[in-house]
Amino acid sequence: MDSVNGSLLILMPDREDDAGLLAANLREMVAGLEVRIWPELGDPADVRMVVSWRHPPGALGRFPNLDVVASFGAGVEHILVDKGLPSGVRIVRTVDESLVRDMVEYVLLAVVTWRRRWESFQLNQAKGLWAPQSYPAQTSVLVLGAGRLGGAVSKALIDLGHRVASWSRTGSESQGARCLEVEGALCEALPHAEGVICLLPLSSETEGILSRPMFERMKEGSLLVNVARGRHLVEEDLLDALKRGRPAHAVLDVFREEPLPAAHSFWTHPKITVTPHVAALTDPKEAARRVAENWRRLSEGEDLLDVVDVERGY
Ligand code: NAP
Ligand code: GLV
């Protein structure tokens, strides 16, 4: 593969291992590509592409010839919030098949574990108690977000025989799910959903969406799964809502502050399951393939893959 003049910088300060693996794979895939890992910059004027994960704010303003910033993941809010992002720089994201598969697996695990009362069987086993419990033949699930991840999750739930409604900004077609747009449709769907899954991008429109007005409309005994971003959730509202059983349980993978502080009440809450932002992890080798392809496209003046609409925010 020919190389565009310039270098590629990996700027992922809190993911050193992934940065090393990504660099090694890129060097193998793109002959002659100069790959640098922050804080080793070389000449900042050489940097044409940055692969970022939660880079220090303002860092991108140091590269006068920057063309592309690639997120080392599906979410891009960590790039869009950087006021130092030079105008005209294109933003792309990394969503490969393994990321989609892992997200589907996580959400199915959460929904199925809750639907089949797995936790109560584990508690009963500890007591030596044989106590069969029935479960509904079908579950209604509302998926917020009908994009690459939300769409795949909806399809997987439908394939398992569940009723799925899918809510998005434009009412996007979502693999056989009942498609909803506008807030009114969401309000109507909430009281019927036994599970609500958040797979929205974080934006000024979606921040805080998982809050009291939504919880008040949720079905008693329902499940909330947040696998999007911590700032979608108003934490105090959830704690109140759990007392009323709407929802009755929350599975949370993402948090306002990560790592979740040791003293945070979520850790010990009996109605909250905490996982450490692992629902779907970007595989450095798969990411290297996508980044290498975009480097080739940049070199040859072709359209890039997975370009983000900066105005829309995702
Ligand atoms: P995507 O393909 O960009 O899809 C976004 C979906 O959200 C679209 O259906 C979009 O509607 C909808 N949407 C956007 N703004 C909305 C609004 N204001 N109201 C209603 N719907 C709105 O995103 P994705 O690849 O599926 O990823 C979703 C998010 O998952 C990421 O942004 C990231 O935060 C999170 N994530 C988490 C993990 C983890 O490990 N926990 C891993 C990967 C990703 P339209 O279809 O109408 O445009
Ligand atoms: C993970 O959170 C991602 O956005 O890929």
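The model shown is predicted, which means the values in this text are computed figures rather than measured ones.

It is worth spelling out the nonpolar core at this point. Among the nonpolar cores identified, the biggest contains 29 residues, and Leu-142, Leu-144, Leu-210, Leu-224 and Leu-238 are the most heavily contacted of them. At the level of elements, strand E6 (140-144), strand E7 (163-167), helix H6 (182-189), strand E9 (195-198), helix H7 (212-217), helix H8 (235-244) and strand E11 (249-252) are the ones that each hand at least two residues to this core.

Spatial strand order, E8-E7-E6-E9-E10-E11-E12: 7 strands in an open sheet with parallel pairing. Single-partner strands in this sheet number two, and they are strand E8 (178-180) and strand E12 (272-274). Direction aside, the axes of adjacent strands within the sheet are offset by 15° on average. As judged from the 4 bridges shared by E6 and E9, these two strands associate in the parallel manner. What sits directly across from Leu-142, in E9, is Val-196.

The next point concerns unusual backbone geometry. At the junction of Trp-38 and Pro-39, the peptide bond is cis and its omega measures out at 10° in the coordinates. As for its position among the elements, Pro-39 is in the loop between strand E2 (34-37) and strand E3 (47-52). Of note, the bond from Arg-246 into Pro-247 is cis; its omega dihedral lies within 30 degrees of zero at 5°. Relative to the helices and strands, Pro-247 resides in the loop between H8 and E11.

All right, on to the site of ligand 2 then. In the region of ligand 2, the neighbouring residues are Trp-53, Gly-73, Ala-74, Gly-75, Arg-229 and His-277. The contact in question runs from an oxygen atom of ligand 2 to an N or O atom on the side chain of Arg-229, over 2.8 Å. Protein coverage of the free-state accessible area of ligand 2, which is 190 Å², stands at 87%. Of the residues in the shell around ligand 2, the class split is 2 nonpolar, 3 polar and 1 charged.

Residues of H8 that are buried: Glu-235, Asp-237, Leu-238, Ala-241 and Leu-242. Taken down its axis, H8 places every buried residue within 150° of arc, on the same side. Exposed residues lying more than 90 degrees from the buried face of H8 are Glu-236 and Lys-243. Along its buried surface, H8 packs onto H7, strand E10 (223-226), E11 and E12. After H8 finishes, the residue Gly-245 shows a positive phi value of roughly 80°.

Looking now at the sheet that holds E2. Strand order in the open sheet made by the 5 strands is E2-E1-E3-E4-E5, with parallel pairing throughout. Bordering the open sheet on either side are E2 and strand E5 (90-92), each of which pairs with just one other strand. Each strand axis lies, on average, 20° off the axis of its neighbour in the sheet, ignoring direction. Bridging between strand E4 (residues 68-71) and E5 involves 3 bridges; their strand directions are parallel. Note that in E5 the partner of Val-69 across the bridge is Ile-91. Across the sheet, helix H1 (residues 16-29) lies against strand E1 (7-11), E2 and E3, angled at about 175° from E2, the strand it touches most.

Before going further, it helps to spend a moment on H1. Spanning 14 residues, H1 covers 20 Å between terminal C-alpha atoms, matching the ideal 20 Å at 1.5 Å per step. Within the sequence span of H1, burial applies to Asp-18, Ala-19, Leu-22, Ala-23, Asn-25 and Leu-26. Check the buried side of H1 and you find it contacts E1, E2, E3 and helix H9 (284-300).

In regular strands, side chains alternate between the two faces of the sheet. As paired strands, E1 and E2 are joined by 4 bridges and run parallel to one another. Residue Leu-9 lies in a different strand from E2, and its bridge partner there is Arg-36. Traced from E1 through H1 to E2, the parallel crossover comes out right-handed.

A word on the packing of aromatic side chains. Under the definition given, this model contains 1 aromatic pair. With a centroid separation of 6.4 Å and an interplanar angle of 55°, the aromatic rings of Phe-255 and Phe-266 are classed as tilted. Note that Phe-255 is positioned in the loop between E11 and E12 and Phe-266 in the loop between E11 and E12, a separation of 11 residues in sequence. Grouping residues by exposure puts Phe-255 and Phe-266 together as buried. The ring of Tyr-135 has Arg-116 lying over it, and the distance from NZ or CZ to the ring centre is 3.8 Å.

Reading the values: the criteria
Residues numbered from 1 in each chain as written. Chains lettered and ligands numbered in written order. Predicted model: local features only at pLDDT ≥ 70, side-chain atom pairs only at ≥ 80, totals over all residues. Heavy atoms only, no water. Core = buried A, V, L, I, M, F, W, Y, C linked by side-chain atoms within 4.5 Å. Buried < 20%, exposed > 50% of the residue type's maximum accessible area, 1.4 Å probe, protein only. Helix = DSSP H or I, 4+ residues; strand = E, 2+ residues; numbered from the N terminus. Pairing = 2+ DSSP bridges. Axes fitted to C-alpha atoms, helices over the stretch in contact; angles between N-to-C directions. Near = heavy atom within 4 Å. Polar contact = N/O pair within 3.5 Å; in protein donor to acceptor, adjacent residues only side chain to side chain. Areas by Shrake-Rupley, 256 points an atom, 1.4 Å probe, with all protein chains shown as cover. Nonpolar A, V, L, I, M, F, W, Y, C, P; charged D, E, K, R; others polar. Arc of directions from axis to C-beta. Contact = heavy atoms within 4.5 Å. Expected span 1.5 Å × (residues − 1). Right-handed = clockwise from strand over helix to strand, strands pointing away. Phe/Tyr/Trp six-rings, centres within 6.5 Å; stacked < 30°, edge-to-face > 60°. Lys NZ or Arg CZ within 6 Å of the ring centre and 35° of its normal.

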